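Spelled out from the first residue to the last, the chains are:
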There are 2 protein chains.
Amino acid sequence: MTFRSHMDIALEEAQAAARRGEVPVGAVLVSPGGEVIAQAGNRTRELSDPTAHAEVQVIRAGCSMLGSERLPEHDLYVTLEPCPMCAAAIGFARIRRLYYGASDPKSGGVAQGPRVFSHPQCHHVPEIYDGIGGDAASGLLRDFFAARR
Amino acid sequence: MTFRSHMDIALEEAQAAARRGEVPVGAVLVSPGGEVIAQAGNRTRELSDPTAHAEVQVIRAGCSMLGSERLPEHDLYVTLEPCPMCAAAIGFARIRRLYYGASDPKSGGVAQGPRVFSHPQCHHVPEIYDGIGGDAASGLLRDFFAARR
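- The name given to chain A in an unreviewed UniProt entry is tRNA-specific adenosine deaminase, and the organism recorded there is Mameliella alba.
- Looking at the Catalytic activity (unreviewed entry) heading of the UniProt record, one finds this comment for chain A: "adenosine(34) in tRNA + H2O + H(+) = inosine(34) in tRNA + NH4(+)".
- Here is the UniProt Subunit (unreviewed entry) comment for chain A, exactly as written: "Homodimer."

1. A closer look at the sheet that holds strand 3 (residues 75-80) of chain B
All names here are of chain B.
Then comes step 1: If you trace the 5 strands from one edge of the open sheet to the other, you get 2-1-3-4-5, paired in mixed fashion. At either margin of the open sheet sits one strand with a lone partner, and together these are strand 2 (36-41) and strand 5 (127-130). Averaged over all neighbouring strand pairs, the angle between strand axes comes to 15°, with direction disregarded.
Then comes step 2: Across 4 bridges, the pairing between strand 4 (residues 97-102) and strand 5 is parallel. Residue pairing for strand 5: R97 is matched across the bridge by E127.

2. Some words on the environment of L76(A)
Residue and element names in this part refer to chain A.
Then comes step 1: Assignment of secondary structure puts L76 in strand 3 (residues 75-80).
Then comes step 2: Between the C-alpha atom of L76 and that of H123, which follows or precedes it by 47 residues, the distance is 18 Å.
Then comes step 3: Filtering out sequence-adjacent residues up to four positions away, L76 remains in contact with V28, E55, V58, I59, I90, I95, R97, L98 and Y99.

3. Concerning the interface of chain B and chain A
Then comes step 1: Across the contact, 34 residues belong to chain B and 34 residues belong to chain A.
Then comes step 2: Between chain B and chain A, the buried area comes to about 2,600 Å², and carbon and sulfur atoms account for 64% of it.
Then comes step 3: Contact with chain A buries area across many residues of chain B, yet P50(B), E69(B) and Q121(B) alone supply 24% of it, more than any other trio.
Then comes step 4: The tally of links between chain B and chain A comes to 2 salt bridges.
Then comes step 5: Close ionic contact of D49(A) with R60(B) constitutes a salt bridge, the shortest N to O distance being 2.8 Å.
Then comes step 6: At the surface where chain B touches chain A, the tally comes to 15 residue pairs in polar contact (both at pLDDT 80 or more).
Then comes step 7: Those elements that place two or more of their residues in the side of chain B that touches chain A are helix 2 (44-47), helix 3 (54-66) and helix 4 (84-92) of chain B.

Thresholds applied
Residue numbering note: each chain is counted from 1, following its sequence as written. Chains and ligands are labelled sequentially in the order written, the chains with letters from A and the ligands with numbers from 1. Where local features are concerned, this predicted model is filtered to residues with pLDDT of at least 70; where side-chain atom pairs are given and counted, the filter is 80 or more; whole-chain, interface and lining totals use all residues. Side-chain figures throughout are based on the complete set of non-hydrogen atoms in the structure, without hydrogens or water. UniProt positions are given in the numbering used here, feature names are shortened, and annotations may be inferred rather than shown by experiment. Strand pairing requires that DSSP identify at least two bridges connecting the strands. Under the scheme used here, helices are H or I runs from DSSP no shorter than 4 residues and strands are E runs no shorter than 2 residues, and both carry numbers assigned from the N terminus. Axes, fitted as lines to C-alpha atoms, cover a helix only where it is in contact. Angles between the N-to-C directions of the axes lie from 0 to 180 degrees. In what follows, residue pairs with any heavy atoms lying within 4.5 Å of each other are defined as contacts. What counts as buried area is the accessible surface, traced by a 1.4 Å probe, that two parts surrender upon association, with contributions from both included. Salt bridges, as used here, are contacts in which a Lys or Arg side-chain nitrogen is within 4 Å of a carboxyl oxygen on Asp or Glu. Polar contacts here mean pairs of N or O atoms no more than 3.5 Å apart (in protein, one a potential hydrogen donor and the other a potential acceptor; neighbouring residues in sequence count only if both atoms are side-chain atoms).

Structure follows, in structure tokens:
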């Protein structure tokens, strides 16, 4: 599988989240061998859990599977720039590479605002690749919020 | 109960975390009526969950109890300055007042580094009171890390 198809799975998770009335963001966790070991879309409303962002869910699932609080050599694909909560969790989990789609000027915490990875308080910085599938991801978000207005 | 005794409970949770081999941080969630509705210490190792910081645990527990992803008018007491993950979660949960003990130059995300509450990407900023029981909290951390060296 290529990074493009991993992001396709993340986009499908984002679409499924939108159908559940959740903010459409999806994430995929990939093992060192290239296998998808967890995939999720936002479920903050369904689970009554403000931490149930897609990224946190796949990190928690992967760590639970491995019996470890760290996921070295694992890569994470997410349709939207992570918020500061998710960025910090990605650092704690020692994710190797972070691929994300659309940038998020309103709530992002990687390339703007808190820039979580750009301070010495962050003990692990992943390699970061942005803009992958970004148009599809931001289109989903735009449609979702337009429909709610 | 006064805020001092709420922080005492958080300190007891931090001490219990240290006895479990977890970084000694404790948190308490207080309802609008002043009742402790959740208390927790770090359990990242025990649960193999890098997001299982004390603050995230009490927020998840409180939200689950209320069936809501928000905890308006609730206050959170934590022995250490929250990291950026927890600070962002506190914002998402709409916590009213954040009381914390020791400042955390190494990993903190409130008064230093990412300063999560100081950017427009943070949609809710709690009232923040720092330094409450800070000496006891930092003493716990110092002893814990000294014993591991």
